[in-house]
Amino acid sequence: WILFESKDLMVHFWLRAEQRANEQRTPLPPENAAKLIKAGHKVTVEHCPQRCWKLADYSAVGCAEAEQDSWEKEGVAPADAFIVGLKELSGDGTLTHRHCHFAHLFKGQPNWKTEIQRFVKGGGTLYDLEFLCHEGRRISSFGNAAGQVGCAYGLLSWAQQQIDSTLPLQQLPQQSWPTGKDLSVYVVEQLEKAAAKKEGKKPNVMIIGALGRTGRGATTMCKLCGIPEDNLTLWDLEETAKGGPFPEILKADILVLCILLDPKNPPKPFLTAEMLNSAERKLSVIADVTCESSNPNYPIPIPSAATDFDRPAIRMKESPMLDLVAIDHYPSLIPQESSTDFSNGLLDALLDFEKDEKGIWKGAEEVFQKKCSEAQT
């Protein structure tokens with residue numbers, strides 16, 4: 001049977017190892033790698049010890065194997081290989097291939113010009129996963145998983161405050177859970193311990209950005225954990241349109257921030273430092289899922305340094321107590337579920353890479369070329 005009108009439409013996808021420590025997720029699970037192969041493409045997969053699927057799982061569906069980071073070695077990955085990963089690359093060498101990953105370079109992040117120069121000098125191309133869009137909307141994101149896990153951390157932080165307020169929430173007992181539902185079982189256990197000390201009380205949770213993918217994920221986690229609807233306050237654009245500050249936030253026990261920042265229309269502050277210093281503040285946990293606090297227009301006054309799985313929460317205030325969770329890779333806590341969901345949104349675009357009938361790849365390349373020009377100035 002004929003797979004393609006032309007062999008030129010066959011793509012050699014090269015799934016590289018992740019270079020960020022403890023990153024278990026992948027944009028291409030074995031199931032979807034098999035679909036690429038069935039469509040006539042070639043898939044090579046590098047060994048990656050922390051990936052949430054084993055290399056043997058890929059070999060079993062027909063993928064070729066390669067050593068970890070071997071794409072970087074001259075003559076190993078063909079010049080036309082399409083190097084696919086999830087998070088940014090380390091090192092400082094020039095980049096010659098076509099790459100697809102979250103590079104975090106296109107919004108003025110630190111060292112963005114230096115990193116883009118690696119592509120410019122090597123003649124490579126970057127298709128940033130964040131900028132793969134169709135009709136103005138990203139084709140895939142980890143938003144739902146981020147919302148679920150971020151909210152779970154918020155609930156766990158609050159529970160820790162009730163169980164033992166000496167320290168903020170510490171490292172969780174597992175590195176990951178299979179799904180958000182599995183994670184919720186652990187959260188419920190901790191909430192029950194907290195309830196035993198609070199006469200059965202459950203926290204009041206406020207989610208801002210509740211109608212987006214991330215906010216819907218946070219709401220799902222609340223429901224999985226048995227948070228009553230009367231304890232939920234769900235805000236989105238309609239509620240925040242008048243502009244802050246919003247004293248209503250101080251009445252919640254937990255704030256889960258799930259907003260999408262619009263650089264053309266930055267929000268007015270939702271909270272001020274003075275409000276957080278108020279002795280009347282009930283709010284004791286901020287679960288920051290947006291995680292862009294280095295942005296000068298961030299609507300809540302929190303430290304720009306993110307937390308992580310080893311140290312998930314920091315104490316911002318002692319009295320009244322206020323803890324912050326701000327992990328910029330929440331979905332890694334449920335790596336297989338979040339990877340599968342993300343990859344399912346990406347798959348059709350990968351299958352259509354050469355034809356690009358929807359202009360998804362063309363649009364991403366135009367963003368890259370624009371940034372390359374800006375990096376020269």
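Residues numbered from 1 in each chain as written. Predicted model: local features only at pLDDT ≥ 70, side-chain atom pairs only at ≥ 80, totals over all residues. Heavy atoms only, no water.

Enquirer: I'd love a proper account of the side chain of H12, names of residues and values included.
Expert: Tracing the sequence through the fold places H12 in strand β1 (residues 12–15). The buried category is assigned to H12, whose relative accessible area is 9%. Among the polar contacts made by the side chain of H12, one reaches the side chain of T44 at a distance of 2.7 Å. When neighbours within four sequence positions are excluded, H12 is seen to be in contact with K42, T44, P78, A81 and F82. (Helix = DSSP H or I, 4+ residues; strand = E, 2+ residues; numbered from the N terminus. Buried < 20%, exposed > 50% of the residue type's maximum accessible area, 1.4 Å probe, protein only. Polar contact = N/O pair within 3.5 Å; in protein donor to acceptor, adjacent residues only side chain to side chain. Contact = heavy atoms within 4.5 Å.)

Enquirer: Any details on the sheet that holds strand β9 (residues 205–208)? Residues and values, ideally.
Expert: Spatially, β10-β9-β11-β12-β14-β13 is the arrangement adopted by the six strands of the open sheet, whose pairing is mixed. Each edge of the open sheet carries a strand with a single partner, namely β10 (232–235) and β13 (313–318). Neighbouring strand axes in the sheet, compared pairwise and without regard to direction, differ in orientation by 15° on average. Where strand β12 (residues 285–288) meets strand β14 (residues 321–325), three bridges bridge the pair, whose relative direction is parallel. The partner of I286 across the bridge, within β14, is L324. Along the sheet face, helix α4 (residues 143–163) touches β9, β11 (254–257), β12, β13 and β14 and points at about 160° away from the line of β12. (Pairing = 2+ DSSP bridges. Axes fitted to C-alpha atoms, helices over the stretch in contact; angles between N-to-C directions.)

Enquirer: Could you give an account of the pairing of β10, naming the residues involved and the relevant values?
Expert: Bridge analysis of β9 against β10 gives four bridges, and the strand direction is parallel. Pairing of M206 across the sheet is with T233, part of β10. Considered for its hand, the β-α-β crossover made up of β9, helix α6 (residues 213–224) and β10 is right-handed. (Right-handed = clockwise from strand over helix to strand, strands pointing away.)

Enquirer: Report on the confidence of the model for the protein, specifying residues and quantitative values.
Expert: A low pLDDT means the predicted coordinates there should not be read in detail. For the protein, per-residue confidence averages 94 on the pLDDT scale, and 98% of positions sit at 70 or higher. Every residue in residues 1–6 scores below 50 in pLDDT, and together they form nine contacts with partners more than four places removed in sequence or on other chains. (pLDDT = per-residue confidence, 0-100.)

Enquirer: Let's hear about the side chain of D323: which residues, and what values?
Expert: Locating D323 in the fold gives a position in strand β14. For D323, a relative accessible area of 0% gives the class buried. Polar contacts involving the side chain of D323 include one to the side chain of Q161, which spans 3.0 Å.

Enquirer: Could you give an account of the packing of helix α3 (residues 112–122) against helix α10 (residues 360–375), naming the residues involved and the relevant values?
Expert: Between α3 and α10, the shortest axis-to-axis distance is 9 Å and the interhelical angle comes to 115°. By the angle between their axes, α3 is roughly perpendicular relative to α10. You can see that α3 and α10 cross each other, and the crossing is left-handed. Where α3 abuts α10, its residues W112, K113, I116, Q117, F119 and V120 lie against F368, K371, C372, E374 and A375. Split into classes, the residues belonging to the contact of α3 with α10 amount to seven nonpolar, one polar and three charged. (Parallel < 35°, antiparallel > 145°, perpendicular 65-115°, else oblique. Left-handed = near helix turned anticlockwise from the far one by under 90°. Nonpolar A, V, L, I, M, F, W, Y, C, P; charged D, E, K, R; others polar.)

Enquirer: Describe the sheet that holds strand β3 (residues 64–66), naming the residues involved and giving the relevant values.
Expert: Reading across from one edge, β3-β2-β1-β4-β5-β6 is the order of the six strands in this open sheet, with parallel pairing throughout. Among the strands making up the open sheet, the edge pair consists of β3 and β6 (125–128). On average, each strand axis in the sheet is tilted by 25° relative to the strand beside it, whichever way the strands run.

Enquirer: Quick rundown of the packing of aromatic side chains? Include the residues and the values.
Expert: Taken as a whole and judged by the stated rule, the model has 17 aromatic pairs. Here the aromatic rings of F82 and Y127 are separated by 5.8 Å at their centres, their planes lie at 85°, and the arrangement is edge-to-face. In this pair, F82 is assigned in strand β4 (residues 82–84) and Y127 in strand β6, connecting sequence segments 45 residues apart. Across this residue pair, the class does not change: F82 and Y127 are buried. Between F142 and F342 the ring centres are 4.3 Å apart and the planes differ by 5°, which places this aromatic pair in the stacked class. Taken as a pair, F142 in the loop between β8 (137–138) and α4 and F342 in helix α9 (residues 335–351) lie far apart in primary sequence, 200 residues in all. Here the basic side chain of R25 rests over the ring of F142, its NZ or CZ set 4.5 Å away from the ring centre. (Phe/Tyr/Trp six-rings, centres within 6.5 Å; stacked < 30°, edge-to-face > 60°. Lys NZ or Arg CZ within 6 Å of the ring centre and 35° of its normal.)

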